[in-house]
Each structure stands twice: as C-alpha cells, then as structure tokens.
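The lines below spell out each chain.
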Amino acid sequence: MAKERRRAVLELLQRPGNTRCADCGAPDPDWASYTLGVFICLSCSGIHRNIPQVSKVKSVRLDAWEEAQVEFMASHGNDAARDTYESKVPPFYYRPTFSDCQLLREQWIRAKYERQEFTHPDKQEPYSAGYREGFLWKRGRDNGQFLSRKFVLTEREGSLKYFNRSDAKEPKAVMKIEHLNATFQPAKIGHPHGLQVTYLKDNSTRNIFVYHEDGKEIVDWFNALRAARFHYLQVAFPGASDADLVPKLSRNYLKEGYMEKTGPKQTEGFRKRWFTMDDRRLMYFKDPLGLPGLCPQDAFARGEVFIGSRESGYTVLDGLPPSTQGHHWPHGITIVTPERRFLLACETETEQRAWVEAFRKVVDRPMLPQEYAVEAHFKHKP
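Every value quoted in this text rests on a predicted model; they were computed, and no experiment measured them. (Residues numbered from 1 in each chain as written. Predicted model: local features only at pLDDT ≥ 70, side-chain atom pairs only at ≥ 80, totals over all residues. Heavy atoms only, no water.)

1. A look at the packing of aromatic side chains
Phase 1: Counted under the stated rule, the structure contains 18 aromatic pairs.
Phase 2: With 6.4 Å between their ring centres and 20° between their planes, Trp137 and Tyr211 make a pair best called stacked. Here Trp137, found in strand β4 (residues 131–139), pairs with Tyr211, found in strand β10 (residues 204–211); they are 74 residues apart in sequence, far enough to count as distant.
Phase 3: Judged by relative accessible area, which is 29%, Trp137 ranks as partly exposed.
Phase 4: You can call Tyr211 buried: its relative accessible area is 14%.
Phase 5: An angle of 65° between the planes, with centres 5.1 Å apart, marks the rings of Phe184 and Phe222 as edge-to-face. Of this pair, Phe184 sits in strand β8 (residues 181–184) while Phe222 sits in helix α8 (residues 215–236), and the two are 38 residues apart along the sequence.
Phase 6: Put simply, the rings of Phe92, Tyr93, Trp108, Phe118, Tyr127 and Phe230 pair up and form one aromatic cluster. (Phe/Tyr/Trp six-rings, centres within 6.5 Å; stacked < 30°, edge-to-face > 60°. Helix = DSSP H or I, 4+ residues; strand = E, 2+ residues; numbered from the N terminus. Buried < 20%, exposed > 50% of the residue type's maximum accessible area, 1.4 Å probe, protein only.)

So, in structure tokens, the structure goes:
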C-alpha cells in the first residue's frame, strides 16, 4: 500500500502545472507541501520548513504518504494553489525564479502563504502606496562602513532621496525613478539582504549599497521601487501593456567580474578592473564596491562603454591584436565600436567565453529608438 501511495503521488507530478516548482519554477520538483497541496523543489522546501504553522513538507520519493494526504494533493496541485494564493499579485511585484537569491524566494513564499498578501490587497500597502520612508544601512563612500540613513521614496516627485541626518532638510542625493535600477547583490555587499541601487547623474552611473536587517523590509523597498518605476512608465508610455512594461522595472546585470583593460592609446599597461554589464552599458570600477580608504569616487564608474548593435558598427572579437603587450591574463577580447577598439583580457577561457556571449547577445539585438539617443550623448571614457 505504501508503494502504491508513493506511486500515486509521483503520477501527480506529471499533471500540467506540477512539473515545475510552484514557487520558483525550477523543473522536476520532488518535494511537496501536503498542507498547501503544492509540489516544490528542494531549495523551496527548506523555506517551507521555516513556516511549519502554514506548510508541512514531504519528499515525494522518500517519505511515506497517508491516503488522505495523497487525496489532498490530487484535489489541489500547483495550478489550483496559484489561482488561490497568487490571485491578486500586483503586476509590478517581482516573482522570483530558481536563479534568484534566497531572500527574494523566501519573502515571495512568506508573502503568498504566511501573510497572504495576494489574497488580501490591503496587506500590499507597504509597497503599493506610492510613498515610503524609513531607515536603511547605507555603505559610506569614504571608509566603507555602513551607516543608518533616512530614505524617502515618492512617486509624485518621481524620486528616491536619502538624508545624512534624520532632521536634515536637504537630501544628500536625489535619484530619479526614470533612471533607477535596483538589484539584490548579497555576495558583493556581504549581507544576505544587500541591495545595490544604480542611478544616473550627469549621464554617469552611480551606485549605492544598502541593506536592512529585516528581510521583509528590504524586499518591500525593492517592490516599492518597482511600483514607482511601473507608474512612471505607465505615464511615459500610455499605450503600453503591463507585459511590455514589467521587464523594464528592474534588471539583473548581464555579467559581472574582473577583467584587465588598457587605455585608449593601447600603449599603457593593462590594469585589473571590476566590470559590470548593465544592458548596453559596460562599466568598470576599481573593485566591486570600492575598497575602504580608496578614492571616494570608487562608488562611481571609472569609465563606461556604450555597446550598440551590429547594424550600427559594433562587433565583438575573440583575442587581441597580435602586437598587444602588457596584459597578464591570456584570454583576450576586442570590442569594436565606431570610434575605437577596447582591449580586454580575462584570466580563464571560461570567463572569456561568458563575457563574449554576454557582449554578443547585446550586439545581436537591434537598438531601440531611445537607445540611439543614449548613444548620441554617450561619452566613451578612457
């Protein structure tokens, strides 16, 4: 009987909707919440274990199943749970995938099942109200220490501001929602709740690094920023559908890592720099965050390269010109733009292939009308 019940549960995995994790979309889930009626992956099952008052989990293949539990799973399943627990997810709310950080997946699961935010829209106020203020730990530019700073997000003004003192009348910085991006970077920032906020000032990229001890708080900030971006884009593009706008709310970087670079004359020695590929902007920094005690400007990109499309004269080549000297790393990349060539070198062939693939994806994509405007105003920095 036990084998028959386990076989019955395994057969349920073949039903439409059950072939992927109910929470992150990972293929071939082999765990289940027998109190919620969903099939989930191993990683998400660990999060479910932390909310035992809501969800109790079993291995589909290894654990014993009772008849009533099998019947419950058969009468529910992932599609039915989605209809219930995700019935009122705001279009701007970030739905994490299996490649996202633990924090995003945990708060998505807690929001769905524990707090039931998507069945009771009144619980969405922290990120849906159009205004949010509070304190976040922000990394200082000069010494690398994290200091408590007051942040204010206002959709009406289209900005995110932060203040060095809670009683300060003037903000230290004003970040326009129009050019703002936020992405979780726990490994880079050294905190599981670390968020990197990128914005443009004078057409140059600036970064700030923040976190909050409470996971819900920082994810609410992240989704409040996405909500503000969503409403800005709705006004800017009144004919666009939600499906058109949602991919533009926030974006993960296409690729990050160390490479060596040389200057525009290509006679200087190569220097190791941290590179970030953000859509069509390739930015480089002294290191991922700017080390304590270094130039305060390390929070800003030391240089940026605009990478357009093949039709506009941009190409990416394996290797470096034969006469190139001064690079310590052997695996070269040449980026050809209408103005000049950029010479880069990677430490390993695997890294070189990954960077070339990222560059070529951008080059192979036709440019949008607004990207031509960015290209026209872009200044290639040495």
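2. Here we look at the pairing of strand β13 (residues 281–285)
Remember that side chains alternate between the two faces of the sheet whenever the strand is regular.
Phase 1: With five of five residues buried, β13 lies mostly within the body of the structure.
Phase 2: Here β13 shows two buried faces, one formed by Arg281, Met283 and Phe285 and the other by Leu282 and Tyr284.
Phase 3: The sheet contact formed by strand β12 (residues 271–278) and β13 spans five bridges and is antiparallel. Looking at β13, one finds that Met277 is bridged to Leu282.
Phase 4: Alignment of β13 against strand β14 (residues 303–306), held across four bridges, turns out to be antiparallel. The partner of Met283 across the bridge, within β14, is Glu304. (Pairing = 2+ DSSP bridges.)

3. Some remarks on the pattern of salt bridges
If the charged atoms of two oppositely charged side chains come close together, the side chains can form a pair.
Phase 1: Applying the stated criterion across every chain, the model contains 24 salt bridges.
Phase 2: By sharing partners, the salt bridges in this structure join Asp23, Glu86, Arg95 and Lys112 into a single network. (Salt bridge = Lys/Arg side-chain N within 4 Å of Asp/Glu carboxyl O.)

4. Overview of the domain arrangement of the chain
Reports of interface size often rely on the accessible area that becomes lost once the parts have come together.
Phase 1: Once the domains are mapped, the chain shows domain 1 (1–86), domain 2 (127–248) and domain 3 (255–380).
Phase 2: Placing a centre on the C-alpha atoms of domain 2 and another on those of domain 3 gives a separation of 26 Å. (Domains from an automatic or database assignment.)

5. Some points on the UniProt feature "domain: PH" (unreviewed entry) in the chain
Phase 1: Per the UniProt entry, the sites bearing "domain: PH" (unreviewed entry) are residues 129–230 and 252–364 in this numbering.
Phase 2: Across residues 129–230 one finds 20% helix and 45% strand; the C-alpha atoms that close the span lie 13 Å apart. (UniProt positions renumbered as here; feature names shortened; annotations may be inferred.)

6. So, helix α4 (residues 78–85)
Phase 1: All of the buried residues along α4 are Asn78, Ala81 and Tyr85. Seen end-on, α4 carries its buried residues on one side only, within an arc spanning 60°.
Phase 2: Contact partners of the buried residues in α4: β2 (38–40) and α5 (102–114). (Arc of directions from axis to C-beta. Contact = heavy atoms within 4.5 Å.)

7. What about the sheet that holds β8?
Phase 1: Ordered in space as β7-β6-β5-β4-β10-β9-β8, the seven strands form an open sheet in which the pairing is antiparallel. In this open sheet, the two edge strands, each paired with only one partner strand, are β7 (173–176) and β8. Geometrically, the sheet is characterised by an average inter-axis angle of 35° between neighbouring strands, direction not taken into account.
Phase 2: Summarising the sheet, strand β6 (residues 159–163) and β7 pair through four bridges and their orientation is antiparallel. Bridge pairing in β7 links Leu160 to Met175. (Axes fitted to C-alpha atoms, helices over the stretch in contact; angles between N-to-C directions.)

8. Some details on unusual backbone geometry
Phase 1: Even without being a glycine, Asp28 presents a positive backbone phi close to 55°.
Phase 2: Within the fold, Asp28 resides in the loop between α1 (2–12) and β1 (31–33).

9. Side note on the packing of α1 against helix α3 (residues 67–75)
Each pair of packed helices can be summarised by the angle the axes make with each other and by the distance between the axes.
Phase 1: At a minimum axis separation of 10 Å, α1 and α3 run at an interaxial angle of 10°. When the axes of α1 and α3 are compared, the pair comes out roughly parallel. Facing Arg5, Ala8, Val9 and Leu12 of α1, the residues of α3 in contact are Glu67, Val70, Met73 and Ala74.
Phase 2: When its residues are assigned to classes, the contact of α1 with α3 shows six nonpolar, no polar and two charged. (Parallel < 35°, antiparallel > 145°, perpendicular 65-115°, else oblique. Nonpolar A, V, L, I, M, F, W, Y, C, P; charged D, E, K, R; others polar.)

10. Some remarks on the sheet that holds β2
Phase 1: What the three strands build is an open sheet, ordered β2-β1-β3; its pairing is antiparallel. Both edges of this open sheet fall to β2 and β3 (57–59), since each of them pairs with a single strand only. Mean inter-strand twist for the sheet, computed between neighbouring axes without regard to direction, equals 30°.
Phase 2: For β1 and β2, the ladder comprises three bridges, and the chain directions are antiparallel. Along β2, the bridge assignment pairs Ser33 with Val38.

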